[in-house]
There are 4 protein chains.
Amino acid sequence: MTNMPISAELVAEHNAASRDALSDEYDSLGRKLGRRGIAIDAIKEKVKSFGVAVPSWGTGRGGTRFAKFPLAGEPTNIHEKLEDCAVIHQLGRSTPGVSPHFPWDCVDDYTALREEANAYGLVFDAVNSNTFQDQPGQAHTYATGSLSSTVEATRQQAIDHNVECIEIGKQIGSKALTVWVGDGTNFPGQQDLGRSFDRYLAAASQVYSALPGDWKMMLEHKMFEPAFYSSVISDWGSSLMAAQQLGDQCKCLVDLGHHAPNVNIEQIVARLHHAGKLGGFHFNDSKYGDDDLDSGSINPHQLFLVFNELIEAELSPGKGFDPSYMIDQSHNVTDPIESMLSSAETIAGCYARAAMVDRDALHAAQDGNDVMLAFRTLRTAYETDVTPILAMARDELGGAIDWLGVYRSSKYRDRKAQERKAVGLGAGIV
Amino acid sequence: MTNMPISAELVAEHNAASRDALSDEYDSLGRKLGRRGIAIDAIKEKVKSFGVAVPSWGTGRGGTRFAKFPLAGEPTNIHEKLEDCAVIHQLGRSTPGVSPHFPWDCVDDYTALREEANAYGLVFDAVNSNTFQDQPGQAHTYATGSLSSTVEATRQQAIDHNVECIEIGKQIGSKALTVWVGDGTNFPGQQDLGRSFDRYLAAASQVYSALPGDWKMMLEHKMFEPAFYSSVISDWGSSLMAAQQLGDQCKCLVDLGHHAPNVNIEQIVARLHHAGKLGGFHFNDSKYGDDDLDSGSINPHQLFLVFNELIEAELSPGKGFDPSYMIDQSHNVTDPIESMLSSAETIAGCYARAAMVDRDALHAAQDGNDVMLAFRTLRTAYETDVTPILAMARDELGGAIDWLGVYRSSKYRDRKAQERKAVGLGAGIV
Amino acid sequence: MTNMPISAELVAEHNAASRDALSDEYDSLGRKLGRRGIAIDAIKEKVKSFGVAVPSWGTGRGGTRFAKFPLAGEPTNIHEKLEDCAVIHQLGRSTPGVSPHFPWDCVDDYTALREEANAYGLVFDAVNSNTFQDQPGQAHTYATGSLSSTVEATRQQAIDHNVECIEIGKQIGSKALTVWVGDGTNFPGQQDLGRSFDRYLAAASQVYSALPGDWKMMLEHKMFEPAFYSSVISDWGSSLMAAQQLGDQCKCLVDLGHHAPNVNIEQIVARLHHAGKLGGFHFNDSKYGDDDLDSGSINPHQLFLVFNELIEAELSPGKGFDPSYMIDQSHNVTDPIESMLSSAETIAGCYARAAMVDRDALHAAQDGNDVMLAFRTLRTAYETDVTPILAMARDELGGAIDWLGVYRSSKYRDRKAQERKAVGLGAGIV
Amino acid sequence: MTNMPISAELVAEHNAASRDALSDEYDSLGRKLGRRGIAIDAIKEKVKSFGVAVPSWGTGRGGTRFAKFPLAGEPTNIHEKLEDCAVIHQLGRSTPGVSPHFPWDCVDDYTALREEANAYGLVFDAVNSNTFQDQPGQAHTYATGSLSSTVEATRQQAIDHNVECIEIGKQIGSKALTVWVGDGTNFPGQQDLGRSFDRYLAAASQVYSALPGDWKMMLEHKMFEPAFYSSVISDWGSSLMAAQQLGDQCKCLVDLGHHAPNVNIEQIVARLHHAGKLGGFHFNDSKYGDDDLDSGSINPHQLFLVFNELIEAELSPGKGFDPSYMIDQSHNVTDPIESMLSSAETIAGCYARAAMVDRDALHAAQDGNDVMLAFRTLRTAYETDVTPILAMARDELGGAIDWLGVYRSSKYRDRKAQERKAVGLGAGIV
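Parameters and conventions
- Residues numbered from 1 in each chain as written.
- Chains lettered and ligands numbered in written order.
- Predicted model: local features only at pLDDT ≥ 70, side-chain atom pairs only at ≥ 80, totals over all residues.
- Heavy atoms only, no water.
- Pairing = 2+ DSSP bridges.
- Helix = DSSP H or I, 4+ residues; strand = E, 2+ residues; numbered from the N terminus.
- Buried < 20%, exposed > 50% of the residue type's maximum accessible area, 1.4 Å probe, protein only.
- Least-squares fit on C-alpha atoms with pLDDT ≥ 70 in both.
- Contact = heavy atoms within 4.5 Å.
- Buried area = accessible area lost by both parts, 1.4 Å probe.
- Salt bridge = Lys/Arg side-chain N within 4 Å of Asp/Glu carboxyl O.
- Polar contact = N/O pair within 3.5 Å; in protein donor to acceptor, adjacent residues only side chain to side chain.
- Nonpolar A, V, L, I, M, F, W, Y, C, P; charged D, E, K, R; others polar.

(A) Highlighting the sheet that holds strand 11 (residues 324-327) of chain D. All names here are of chain D. Strand order across the open sheet formed by six strands is 4-5-7-9-10-11, with parallel pairing between neighbours. Either end of the sheet is taken by a strand with one partner, and the two such strands are strand 4 (127-128) and strand 11. Here strand 9 (residues 250-255) runs beside strand 10 (residues 278-283); their pairing, made up of four bridges, is parallel. Within strand 10, the residue paired with V254 across the bridge is F281.

(B) Representation of unusual backbone geometry within the structure. For the peptide bond that leads from E225 of chain C to P226 of chain C, omega is 15°, which places it in the cis range. Mapped onto the elements of the fold, P226 of chain C is located in the loop between strand 7 (216-220) and strand 8 (230-231). The peptide bond linking F102 of chain D to P103 of chain D adopts the cis configuration, its omega dihedral lying at 15°. For P103 of chain D, the position within the fold is in the loop between strand 2 (97-99) and helix 4 (110-119). Residues other than glycine seldom take positive phi values, yet R93 of chain C does so here, at roughly 60°. With respect to the element layout, R93 of chain C can be found in the loop between helix 3 (78-92) and strand 2 (97-99). Residue classification places R93 of chain C among the buried residues on the basis of a relative accessible area of 18%. Even without glycine at this site, E225 of chain D takes up a positive phi of about 75°. Considering the arrangement of structural elements, one finds E225 of chain D in the loop between strand 7 (216-220) and strand 8 (230-231). Residue class for E225 of chain D comes out buried when judged on its relative accessible area of 13%.

(C) Spotlight on the relation of the copies chain D and chain A. Here chain D sits on chain A after a turn of 180° about the axis and a move of 0.0 Å along it, with an RMSD of 0.0 Å. Such values leave the two copies arranged in the relation of a two-fold axis. In this assembly the copies share their binding face: 100% of the residues contributing to the interface of chain D also contribute to that of chain A.

(D) Region of interest: the interface of chain D and chain A. The partner chain A presents 43 residues to the 43 residues of chain D that form the contact. Of the roughly 3,700 Å² buried between chain D and chain A on both sides combined, carbon and sulfur atoms contribute 44%. Per-residue buried area on chain D facing chain A is highest for N262, M372 and E383 of chain D; these three make up 17% of the total on that side. Between the two partners, chain D and chain A, sit 16 salt bridges. A salt bridge links D24 of chain A to R31 of chain D, with the shortest nitrogen-to-oxygen separation between them at 2.7 Å. Across the chain D-chain A interface, the total number found is 28 residue pairs in polar contact (both at pLDDT 80 or more). Listed by contribution, the elements that provide at least two residues to the side of chain D that touches chain A are helix 1 (8-35), helix 9 (300-315), helix 10 (336-355), helix 12 (371-383), helix 13 (387-397) and helix 14 (403-410) of chain D. Broken down by class, the residue content of the side of chain D that touches chain A amounts to 15 nonpolar, 12 polar and 16 charged.

(E) View of the interface of chain A and chain C. Taken together, the contact pairs 54 residues of chain A with 55 residues of chain C. Of the roughly 4,300 Å² buried between chain A and chain C, counting both surfaces, carbon and sulfur atoms make up 54%. Contact with chain C buries surface across chain A, with L193, R271 and H274 of chain A losing the most and accounting together for 14% of the total. Run the count over chain A and chain C and you get two salt bridges. At the boundary of chain A with chain C, the tally comes to 33 residue pairs in polar contact (both at pLDDT 80 or more). Residue assignment for the side of chain A that touches chain C shows that the elements contributing at least two residues are helix 6 (193-208), strand 8 (230-231), helix 7 (236-246), helix 8 (265-274), helix 9 (300-315), helix 11 (359-367) and helix 12 (371-383) of chain A. Residue contributions to the side of chain A that touches chain C peak at seven residues, all from helix 7 of chain A. Along the lines of polarity and charge, the residues of the side of chain A that touches chain C split into 23 nonpolar, 22 polar and nine charged.

(F) Just the sheet that holds strand 2 of chain D, in detail. Residues and elements named next belong to chain D. Strand order across the open sheet formed by three strands is 1-2-3, with parallel pairing between neighbours. Either end of the sheet is taken by a strand with one partner, and the two such strands are strand 1 (54-55) and strand 3 (123-124). Where strand 1 meets strand 2, two bridges bridge the pair, whose relative direction is parallel. Across the sheet, residue P55 finds its bridge partner in strand 2, namely S99.

Put into structure tokens, the structure is as follows:
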């Protein structure tokens, strides 16, 4: 990392001021975990090697169909987005990957873009295609769907766009394509539910055949929105069927906000792992629908339970098990940099908690049907305050113990508000 | 009605071609209903006097936060919207009212606007204020809320806007103000749930005090969106509490898509009627959230059950019982004129079915706990195909028996696509 | 049918009194359908050959965990249940199959039981096993699960019971086994979500290997209850994975009340059909959870949409497409005979409506993205009042035009209340 | 407390073995909190004075409508239930109250019963009436409802039963009556939604008039079950309307599992407090419906947010603010004593976390619309591991630091399995 947007001295100064308190907390927690037979340093090392990608689009203010309230200094192009991602990774040290979105992040020179990212200590994670919006000058509208459209030229355009995303991805060092389509219907009868799935499968297969041998293609299901009666890939079952038909390199992506109410998401994780199809995650949180709130802000326990399944999966990995972790949030009321630092910390914290579950005790209690003991074994790990571990990991990696304090002291956003052009009023996520 | 956008000859010609079949169907249904003791002509007369308002904003294509797919020929100002509303009412004859939205429908001369509407045979229904979006040049942002904002100047601006809406409403002949705010939070802790309600109540009271003595003010609750953790007026209980505190002229508005999953909406109708606070409806349908789909397209039986409560309420009206009926839909994939004609017909059909329930038999079965008979009494009415009654009512009022056939024959939208300026790409509802 | 519980004279007498009105309604509808290009007699013939099985346990009063309110004269053994099923089929003529449940319906002589059913004009449909309850004297408890239990002896007991059900099924002429287990957990951590699925699959495979070559085995998923945190086969995705692993004769059963809120069930039907795994249905209705209400009583439109998919599936059948149709309801407040007659009529009515959809027009509108026309094509069929067709079909088959009138006139239940022993207070479904 | 079911020596011995580790953890946490400006001892004192009542019925195994799996040694009468409650309070020291249920807990001599409880250090909390089940020999069935029944004699019987509960409550020292009715319908049309509410209000008013001046009456709403289409008091809005009409002593009770999916329960708490109608809580947890799982086992963060509102309410109490706290759970797979000890600890932990929120910082961030800071102020308190505070509070009060270890060492349940008569198979909650 040669290009650091925040002054290293500022970070060092803040860290120095917090280090005594942190040491006390870390040592206290170390003694506590030691009494449970857990070495705190081992957990810290796991945290230090944990990473979650951030979405390029998440660096800007998001909005709803009703409105967007712009933030002074928010980025307006991929270069500014990368700079913001660099801030996030510099202070938090757990987000080395950036997941780009096309055509939003299109540039003329992708080799230069890759070098620009690398100079920040960043790499490009999964590329995301966009066939849910029409772009100015686009030949065929996606109003009738994209990969599942009844219109052959539209399907071909959507296929071509995905293949183009793969081509861009090769240039920027990505190894995965994430495909989410908004295809679906708003009326019973609008489309035949079977034939639209057939068309989707045929078109997605053509995308799949353009996939390099060391890539994976991830299908992202979503229950509803933008389609409000049916969606072509609405649930994990449809996603699984499609991934099975497309081939070994095709996997399922789980976005935490794309499920029906009350659904047990951690069990879906276990099922997809069982099927060898767990491709990756879009982390966020939600209370009602695809709210795209900050990860763990609404139901932190659920996020922990997801990571508990991931740890179990790591212990019994199937062939090629290597899930991708990405944040996918809409920051409508906060500074996106703060939200992603907070979210990445929350996600790493859930990973740490899941890693410190006494697995032998848990499995023994499960095998013996000692329900209370099994529950409490999990709960003890969940209730552990892991903030000292996370902060110590950041400190050792050169990040900020108190990332919020440092970030605000840096006046980064204020400076950008001077430099960057303003975003206009409007609605939506772009 | 002096200004008819569709050729009266075209309507007459189509009607003449359908009349024999319609007579057979109407007479057949008349004999069937007669055997149940129901006079079909009485039901038809009720239908002829039934009306539901259409929203000015519903004449344009809606969209989601992801995208909007414009329709060639959609209206771009209140004058074009009125023209489209005139088409709807000319063919369907059940939508004489237009519900405007400010500042979207602001003009210089409201007296002229009223006359323009009247010339189409239209009147203005409830006015809608907008404090959920920032407008260009606005002094204070609604990013922190509007009537419930912590910022006094913002609250005052929201109050002033609502008062201005009342003033406009007086000029255009409206007698009601509908207040929906998007105020709420995306994070636990973002605002205090009690104090934000206090601020809302204080500000809304100031709006209420500007209300003319013959107006009503309707509070529209919504579970979520644009706020995804909490909303200030999220449910009918909060709406009721606010309406109780504001005063007798303040009532609750029920939008069919603004409730938690599985909720029994018809019982909410009954409860609000019991409290003397049933102010009106925003009709639409939904499967997942506030999907704003066409009325009755997803769950037509629920719409019937709502009208069943309204008929019961009519039979036991409280003081001042006079609910407003409005459509509030987002037409993302259809021609809005077709959707509103279809929706108005569906709504009138539910009213007709509810009106033909054998109330004496129903009440006797209820009193005697004859569950099956009570259920079947209601169900018999629901299963009645009332299309001949609706078509005959339209015919007699000068509308179109086959409104879809006439509308498409008229090539109205194609003509407008030539005349009107195009709408750009974007997202959202505006 | 040699053994008819209701006097044939009574039926004939009632039918005679209703026939003129029915003829008028049937003829009127015939003219109406004729104008749409549909031959009413063809629809009637389809209805006459349509059948849905009734569950033996559904003939008794059901209850909740809080209470059961017994009905005087309800059956207390399989012989009395068969007699009640005979009444249902005699009057409604669309329920020739009875789906038994073991050990609830265990007898000494199954050959005699089969003959007893046949004498009523009934046959036995899918057999249902029960490993969700402990029976007096049972060696191993299902408190820890059944097919997925950590206890090997318990799993073996559950396997043995299912194999025994197959053996009984062979004797009574059944060709299918329906397996629903209540296995799951109430606490995070109680069981490992992956390993419990492994155990389920291994045990279910052993049941599958006992399946005769001309049978099918149907897996019934359920979101929750009796387990409230996780269920081993909680959704259609898990059911599909299990059915794929077990083999070609293993299919998925869709119970309409076993899904998450808001889920698009008709799309699940389409997906399972696409996968060649649509085994059958348990029809009922629900508003909140697995409410087990009368079919179509809450959301009749959804039931129609399910049948619309079934008609599409019939037109594009995969290998071995032959779904089983069964009612599965809990009659807590009605006479079960009345509820099943009403439900069977509702189900047949949805089938009739789906059969009269103008498929060519629908498909053309879908292919042309004419959303409104596609929707209205479906809706026109849904809104058709098919009661004359259903009644005419019953009349021609010897059933009752007005089944409720005949049943009540027969005083069947009153007589049974004299003859049968009373059921005690308690709770639950048994 | 003179009658302690568990050996005090065993408790002392276990505590002695854990005390060093606890001291280290408590002191470490004290330093950490000290750096935030919070005195740990003050929080501990609040915890020591916090209490939550346990339900007498919760001491037995619960079940579903499908089955109940009895636990060897579970109690079969109120005397044995009291003994189990004594174990819970002896070890946990936070559950001095027992909430009884009639007629389940009826005895001949209530004065003796009160003394029996007192000897265990227990008192009686709110009395619960039961009009959702028929009892052997009961004159009128509740099959048609109870307080809302169309049958006058049934309503009177329900009124009389509630009045009798008040009379019993006076004798045992209770000061509150909790009224939950299962009244509702399973079919649209079964009852008129308005008139059944009228009957409920009239009958409940008669119960209210029998209430002593220093009592409160709490209305418990529930969305569904046992009624599956409508429930008379289905939501907090209906509960509020009823409580408003009945009078000042009538309040609303919030059961955490009785809401629609996705509902913001903590906001309901804030609203009821605003209306002066927050009467009390039934604590439990749920994922799907009224699952009655252990408090905080599924969504511990939501429980914390509820307590956050309660702390805010304590700081701005209305007239007579004094909510009752009760556990109401169904222990289907655990030893109820262990579940209630775990639940009481979880509840007290949420109270402790809410009490240590930096309110000044929170309110300042809210007032300044510093969303991230407000959120993190709350989250910091939530993530604090308060187990040392809870354990120290128990130790100081004479309870068990490691209540699970002590309880299991005591072999209490094994002994009771020898002494108590076995519970038979069945279903349901009784």
